[in-house]
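Summary of structural features
Below are the chains, spelled out letter by letter.
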Amino acid sequence: MQMPLRLPFSSFFARRLSTRIVALFLGLLLLVQAAGFGVISATIEGSARGTLARELEIGERVWRRLLEQKADALVLGATVLAADYGFRAALSTGDVDTLDSVLDNHSARIGAEIGAWVDTGFVVRAVHDDGGAMADTAVMQRVAAELARQPRASQVALLGGRPFRFVAVPVRAPLVIGWVVMGFPIDRALLDDMRDLSRLHVVLALPGGPGGGLQPALSTLQADAGAALTGERVRVAGDAMVARHVALAADSDARVVLLRPVDTVVAPFRRLQWALLAITLLAVAVFGVVSVFMARQITTPLRSLVSASAQLGRGDYSQPLQHTDRADEIGGLAQAFDKMRVDIAAHAAEVRQLAYWDRLTGLPNRAQFRAAVREAIEAGAHNGGRFAVVMLDLNRFKHVNDVLGYRFGDLLLQGVTRRITQHGVRDGDLVARLSGDEFALLLPGADAATALAVAERIAASFERPLLLEDQTVDISAGFGIACHPEHGTDADVLLSRAEVATYTAKRRTASALVYDPAIDVGSAQTLSLLSELRRALEQGELRMFLQPKVAIASGRLIGAEALVRWQHPERGLVPPMQFIPYAEQTGFVRQLTLWVFEAAVRDWPQLAALGMERVSVNLSARDLMDSELPARLDGILARHGASAANFCLEITESAVMDEPQRALATLNALSARGFKLSIDDFGTGYSSLAYLKDLPVDELKIDMSFVKGMDRSAEDAKIVRLVVDLAHNLNLNVVAEGVENAAILAQLRALDCDEAQGYHMSKPVPVAELAAFAARWQQRRSEAASVALH
Ligand code: C2E
Ligand code: CA
Ligand code: CA
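As the structure is a computational prediction, the values presented were derived from the model and not from experiment. (Residues numbered from 1 in each chain as written. Chains lettered and ligands numbered in written order. Predicted model: local features only at pLDDT ≥ 70, side-chain atom pairs only at ≥ 80, totals over all residues. Heavy atoms only, no water.)

Regarding the overall build of the protein chain
Helix and strand content of the protein chain: 25 helices and 27 strands. Relative to the compact-globule value of 28 Å for 790 residues, the protein chain shows a C-alpha radius of gyration of 69 Å, a clear excess of over 25%. Counting only C-alpha atoms, the protein chain reaches 225 × 60 × 45 Å along its principal axes. In the protein chain, which comprises 790 residues, the proportion classed as buried is 43%. When the accessible surface of the protein chain is summed, it comes to about 40,000 Å², and 56% of that surface belongs to carbon and sulfur atoms. (Helix = DSSP H or I, 4+ residues; strand = E, 2+ residues; numbered from the N terminus. Rg over C-alpha atoms; globule rule 2.2 N^0.38 Å. Buried < 20%, exposed > 50% of the residue type's maximum accessible area, 1.4 Å probe, protein only. Areas by Shrake-Rupley, 256 points an atom, 1.4 Å probe, with all protein chains shown as cover.)

So this is what it looks like as structure tokens:
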């Protein structure tokens, strides 16, 4: 039964529990009924057979009695004749005529068809014969002889083809002098008597049939008596009958056959069977209805449980389960299911809560904010509505976390949340925390100007330091704004553009910036640019240019700064400002730095040959966060057999200030390896000089925004002088970049600035052109020297 049947009906049965229950019930019922029916039928059959056998047995006895009674009557008549005076007188006188007449009289009186006087020699002396059957005296003699020996035997013999029953009575005077023999025929009347008495059919069968067999001589049957002779179970004129054969004479096959129709016996039993069948059908009907009802009782709630669990599977926990009020197991199951539903619903609500809310601040999280922006866009599609996304990123939050600990960082974020919600938010605005120190506002109906005003209000609220557990903490942030629909009609585009604006604002140390395609050649382009950059690196499209640095006092070519270029197959030579920011955003800049460093190391021998002391390479903020950078640089140096002392690494102030702790760790590691370190673009940042003191740097590069204009602006010249003095006070080498003319160079010489870099000497050039520059420069120096001499 375990074998999986694949017939369609079996799968139908397997599918419907109710069908299985009903089929099982009805099947069992039919089985029981069929067994009962079989037993009863067998019993009926057996008892019918018994009844028939008994009836036939009794029939045979009746038949024999009937014959005996008639025979007794003949014996009586013959006895009377034997005592008759006239008969005895006629015997003694031998008067045959008288003998005949006496025989005739007596025979007629007692109804014997045959009467005879047989002497002691068994010779038939006188005969009375009604039907003329006595032609065969030999038979008479044989019968007489038999009867003389056994007077009480039932002697039947055929005379003239008809069966007769004979009796014999001896005549004594006083010795036996002969016998009176009398016989009557077994005839139609006898058979009818038998039928009346026993209700059996009787067939008299005598020899003489075709082939020497028996043939029916007389019969109480209407027709087809011959069929009755064929056995014990016969079929006569279509009716089944049971037969009993009773032999008539010892010396002959002649017999009577007693017959009983089976139907008459079985009929009452048949009625019983029909009644039983009717009861069975009724029971099947009742059972069917009841079991369908019972099955429904079970399967209907089961089905509703199945559909309820499917509903749960689809995430719909709102529908309470049915049948929970039942007191039985199904009720228990429904209750258990319903409890599960409630629990899952609660759990799901919790998960939703987690998925959409920020635990720390209680604000919506990025997912919810994104969904809200989407909704606003969809709503805007109908009412053309505008809205603005303001994003803000705290400055130096990681620093707070590192220095003051995470718990303090959490308190700070909560304080910031309060400031934002208290100062930036109107009804209907949404404030969310997107990630660590990144927050965002969704301002329905706002344009760029309104959003800027909100950003400035929040920025103003940040000006007052936060008071956290007796500590005051300065907070500031960069704000970026993207407006719908002008900056994007897609939630992700809007968010990433607001982010680009924020990032740019922070870099420019502006407090708030509205997105502008100029600051972002397209966020979508960023990715394709990134893959292009990768390709550029792999296919050798990057070039290293070198810009010479000269010692101002001696005029000697003392070093060079390595600056990257991209030899784009279509766009030509791409300046670094067009791809370095993307490389920084995506982190690809780390690979770029390694590439430039390796190029510088590789070309170092040529530079050294020109008399240079060292070459400078720029590092980005990302590089400083990379704790593996020092080891990687080591590896490159080792491969080329170069020394760290010949390389200066330029870092901007802001790169250090992003995460001073980690930056400091990297800088220390680099310094320990012998690298020179330089602070690039000095003067544009806002770092405190206190930090500068602790950094392991060797050099300051004055930002060219001061240098380029110092020949015209006294203010700029003053700043340059201050920086030069500061550097010297801190024992640092000082470099001026953006030296565009001889006047500036002369001013720098007067200020005692150490080195100069700028277009006045040379633009950045490929390494191959450096030798030519060196020669030209030498030439200019000697000319200047001779001018000075004369
Ligand atoms: P930077 O490090 O301040 O590089 C100096 C920039 O000033 C160079 O621009 C140089 O060509 C330019 N310059 C030099 N002298 C003069 C002058 O007399 N007048 C004017 N107006 N400009 C002058 P460049 O090569 O376009 O590089 C721009 C910036 O790109 C660099 O500024 C640096 O921040 C970045 N950068 C360039 N190459 C690399 C690199 O290999 N790695 C990294 N991380 N950044 C790089
Ligand atoms: Ca630089
Ligand atoms: Ca610079």
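Here we look at a nonpolar patch on the surface
A cluster of nonpolar side chains, contributed by Leu-282, Val-286, Val-290, Phe-293 and Met-294, occupies part of the molecular surface with about 490 Å² of accessible area. Checked against the element boundaries, Met-294 lands in helix 7 (residues 262–313). Residue Met-294 is classed as partly exposed on the basis of its relative accessible area of 41%. (Patch = residues over 30% accessible without salt bridge, like charges linked within 9 Å, V, L, I, M, F, W, Y side chains within 5 Å. Salt bridge = Lys/Arg side-chain N within 4 Å of Asp/Glu carboxyl O.)

A look at the pattern of salt bridges
Following the criterion strictly, the structure yields 35 salt bridges and no others. Residue Asp-192 is joined to Arg-188 by a salt bridge in which the shortest nitrogen-to-oxygen separation is 3.3 Å. Here Asp-192 and its partner Arg-188 are both found in helix 6 (residues 188–198), 4 residues apart, which amounts to about one turn of the helix. Shared partners join several salt bridges into a network, and the residues in it are Lys-549, Arg-556, Glu-613, Arg-614, Glu-699 and Glu-755.

Points about the coordination of the calcium ion (ligand 3)
Coordination of the calcium ion (ligand 3) by the protein involves Asp-680 (OD), Asp-681 (OD), Glu-737 (OE) and Glu-737 (OE), with metal-donor separations of 1.9 to 3.1 Å. All donors to the calcium ion (ligand 3) come from one chain, and their sequence spacing reads D-D-x55-E. Separation of the calcium ion (ligand 3) from the calcium ion (ligand 2) amounts to 4.0 Å, with Asp-680 serving as a shared donor to the pair. Separated by 57 residues along the polypeptide, Asp-680 in strand 23 (residues 676–682) and Glu-737 in strand 25 (residues 733–737) bring together distant segments of the chain. For the pair Asp-680 and Glu-737, one class covers both residues: buried. (Donors = N, O, S within 2.8 Å, 3.2 Å for Na, K, Ca; no water.)

Regarding the nonpolar core
Ranked by size, the top nonpolar core spans 83 residues in total, and within it Phe-597 and Leu-748 carry the most contacts. Here this core gets 9 residues from one element, more than from any other, and that element is helix 16 (residues 589–609). Not counting the four nearest positions on each side in its chain, Leu-748 is found in contact with Ile-552, Val-707, Met-710, Val-720, Ala-736, Val-739 and Cys-753. Core analysis: the next-biggest nonpolar cluster, separate from the first, contains 46 residues, Leu-81, Leu-91, Val-169 and Ile-186 among them. (Core = buried A, V, L, I, M, F, W, Y, C linked by side-chain atoms within 4.5 Å. Contact = heavy atoms within 4.5 Å.)

Considering helix 18 (residues 629–640)
Counted at 1.5 Å a residue, the expected span for helix 18 with its 12 residues is 16 Å, and the 17 Å between its end C-alpha atoms agrees. Within helix 18 the residues assigned to the buried category are Leu-629, Pro-630, Leu-633, Ile-636 and Leu-637. One side of helix 18 carries all its buried residues, which in axial view fall inside an arc of 125 degrees. Pointing more than 90 degrees away from the buried face of helix 18 are the exposed residues Ala-638 and Arg-639. Packing partners of the buried residues in helix 18 comprise helix 16, helix 17 (621–625), strand 22 (647–652) and helix 20 (660–672). Remark: Gly-641 follows helix 18 within two positions and exhibits a positive phi of approximately 65 degrees. (Expected span 1.5 Å × (residues − 1). Arc of directions from axis to C-beta.)

Observations concerning the sheet that holds strand 16 (residues 477–484)
Ordered in space as 12-13-11-16-17, the 5 strands form an open sheet in which the pairing is mixed. Edge positions in the open sheet fall to strand 12 (430–435) and strand 17 (512–514), since each of these has one partner strand only. Across the sheet, the axes of successive neighbouring strands diverge by a mean angle of 20 degrees, strand direction being ignored. Across the sheet, helix 12 (residues 448–463) touches strand 11 (387–394), strand 13 (438–444), strand 16 and strand 17, and the angle it forms with strand 16 is around 160 degrees. Against the sheet, helix 13 (residues 491–507) touches strand 11, strand 13, strand 16 and strand 17, its axis set at about 145 degrees to strand 16. (Pairing = 2+ DSSP bridges. Axes fitted to C-alpha atoms, helices over the stretch in contact; angles between N-to-C directions.)

Considering the coordination of the calcium ion (ligand 2)
The coordination sphere of the calcium ion (ligand 2), as far as protein atoms go, consists of Glu-561 (OE), Asn-618 (OD1), Glu-650 (OE) and Asp-680 (OD), spread over 2.1 to 2.3 Å. Considered as a linear motif, the donors of the calcium ion (ligand 2) on their single chain read E-x56-N-x31-E-x29-D. Accessibility expressed as a relative area gives 4% for Glu-561, which makes it buried.

Details of the side chain of Asp-623
The residue Asp-623 is located in helix 17 in this model. A distance of 2.7 Å separates a polar atom in the side chain of Asp-623 from a polar atom in the side chain of Thr-593. Residue contacts for Asp-623: discarding those within four places in its chain leaves Val-589, Arg-590, Thr-593, Leu-629 and Thr-666. (Polar contact = N/O pair within 3.5 Å; in protein donor to acceptor, adjacent residues only side chain to side chain.)

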